[in-house]
2 protein chains.
Amino acid sequence: MYVVMVYDVAVERVAKVLKVGRRYLTWVQNSVLEGELSPARFARLKAEVAKVIESSDAVRFYVLPDKGALRVEVLGTSKNEPSQFI
Amino acid sequence: MYVVMVYDVAVERVAKVLKVGRRYLTWVQNSVLEGELSPARFARLKAEVAKVIESSDAVRFYVLPDKGALRVEVLGTSKNEPSQFI
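Residues numbered from 1 in each chain as written. Chains lettered and ligands numbered in written order. Predicted model: local features only at pLDDT ≥ 70, side-chain atom pairs only at ≥ 80, totals over all residues. Heavy atoms only, no water.

1. Digging into the overall build of chain A
Point 1. Along chain A, the regular secondary structure elements total two helices and five strands.
Point 2. Mapped from its N terminus to its C terminus, chain A presents α and β elements in the order β-α-β-β-α-β-β.
Point 3. In summary, chain A has a C-alpha radius of gyration of 13 Å against a globular reference of 12 Å for 86 residues, a match within 12%.
Point 4. Overall size of chain A, expressed as C-alpha extent along the three principal axes, is 35 × 35 × 20 Å.
Point 5. Of all intrachain contacts in chain A linking residues separated by at least 6 positions in sequence, the fraction that spans at least 24 positions is 73%.
Point 6. Of the accessible surface of chain A, which amounts to about 4100 Å², a share of 53% is contributed by carbon and sulfur atoms. (Helix = DSSP H or I, 4+ residues; strand = E, 2+ residues; numbered from the N terminus. Rg over C-alpha atoms; globule rule 2.2 N^0.38 Å. Contact = heavy atoms within 4.5 Å. Areas by Shrake-Rupley, 256 points an atom, 1.4 Å probe, with all protein chains shown as cover.)

2. Observations concerning the UniProt feature "binding site: Mg(2+)" (unreviewed entry) in chain A
Residue and element names in this part refer to chain A.
Point 1. UniProt records the feature "binding site: Mg(2+)" (unreviewed entry) for Asp8 in the present numbering.
Point 2. Note on placement: Asp8 falls in strand β1 (residues 2–8).
Point 3. What makes Asp8 buried here is its relative accessible area of 8%. (UniProt positions renumbered as here; feature names shortened; annotations may be inferred. Buried < 20%, exposed > 50% of the residue type's maximum accessible area, 1.4 Å probe, protein only.)

3. Quick notes on the interface of chain B and chain A
Point 1. Contacts between the two partners involve 38 residues from chain B and, on the opposite side, 38 residues from chain A.
Point 2. Each partner contributes to the roughly 3300 Å² buried at the junction of chain B and chain A, and carbon and sulfur atoms together form 56% of this total.
Point 3. Our count for the chain B to chain A interface comes out at four salt bridges.
Point 4. Measuring nitrogen to oxygen at the nearest pair gives 3.4 Å for the salt bridge that ties Arg60 of chain B to Glu34 of chain A.
Point 5. Inspection of the chain B/chain A interface yields 20 residue pairs in polar contact (both at pLDDT 80 or more).
Point 6. Taken together, the elements giving at least two residues each to the side of chain B that touches chain A come down to β1 (2–8), β2 (26–29), β3 (32–36), α2 (39–52), β4 (58–64) and β5 (71–76) of chain B.
Point 7. Per element, the largest residue contribution to the side of chain B that touches chain A is seven residues, and it comes from β4 of chain B.
Point 8. The class makeup of the residues in the side of chain B that touches chain A is 22 nonpolar, seven polar and nine charged.
Point 9. Pairing geometry for strand β4 (residues 58–64) of chain A and β5 of chain B, over six bridges, is antiparallel. Across the sheet, the residue bridging to Arg60 of chain A is Val74 of chain B, located in β5 of chain B. (Buried area = accessible area lost by both parts, 1.4 Å probe. Salt bridge = Lys/Arg side-chain N within 4 Å of Asp/Glu carboxyl O. Polar contact = N/O pair within 3.5 Å; in protein donor to acceptor, adjacent residues only side chain to side chain. Nonpolar A, V, L, I, M, F, W, Y, C, P; charged D, E, K, R; others polar. Pairing = 2+ DSSP bridges.)

4. Some details on the sheet that holds strand β5 (residues 71–76) of chain A
Backbone hydrogen bonds hold the strands of a sheet together, and the pairing may be parallel or antiparallel.
Point 1. Pairing within the open sheet is antiparallel, and its five strands lie in the order β5(A)-β4(B)-β1(B)-β3(B)-β2(B). Every interior strand has two partners, whereas the edge strands, β5 of chain A together with β2 of chain B, have only one. When the angles between neighbouring strand axes are averaged without regard to direction, this sheet yields 25°.
Point 2. Pairing analysis gives seven bridges linking β1 of chain B to β4 of chain B, with the strands arranged antiparallel. Opposite Tyr7 of chain B, over in β4 of chain B, you have Val59 of chain B as the bridge partner.
Point 3. Across the sheet, helix α1 (residues 11–22) of chain B is in contact with β1, β2 and β3 of chain B; its angle to β1 of chain B comes to roughly 175°.
Point 4. Contacts from α2 of chain B reach β5 of chain A together with β1 and β4 of chain B, with the element oriented near 25° to β5 of chain A. (Axes fitted to C-alpha atoms, helices over the stretch in contact; angles between N-to-C directions.)

5. What to know about the pattern of salt bridges
Residues and elements named next belong to chain A.
Point 1. Under the defined criterion, the tally for this structure stands at 14 salt bridges over all chains.
Point 2. A salt bridge links Asp57 to Arg13; its shortest N-O distance comes to 2.5 Å. One end of the pair, Asp57, is in the loop between α2 (39–52) and β4; the other, Arg13, is in helix α1 (residues 11–22), with 44 residues separating them in the sequence.
Point 3. Here Arg13 falls in the buried class, since its relative accessible area comes to 11%.

Rendered as structure tokens:
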């Protein structure tokens, strides 16, 4: 499955969420990671994220059977490293 | 087509990008909007976003032929209004 993870968490938890996310997915833009995951690894990612966030945070996963039909378009710059931890 | 728009822009441009985005898509989480768009409306959305961002900003569109195969999972809270303009 192909997963896009978008997080909106309190600034004091961003580094932790990003650290967990980068063990499973590729950082593509501040607050956004994506990549191929097996169902088992996706379950582990969610379990780990759930441990580091609070109920006021929001982490959204867009899940597709595969990347096949997905097209990604970028306006502006395609960032390569987290400039600030957002 | 189903479009997910994720933006990472300088704070002084967030309100403008959000305003444009909300004319075409539904806000679902800070920095994230999504919804059904015709190819013509998607082209207009991109043109309008391009006018308000700078090259240092990043706006990523995930485009699918339809929402059919897409599954969305949320951890934490499903926000209903932009708490802060991020």
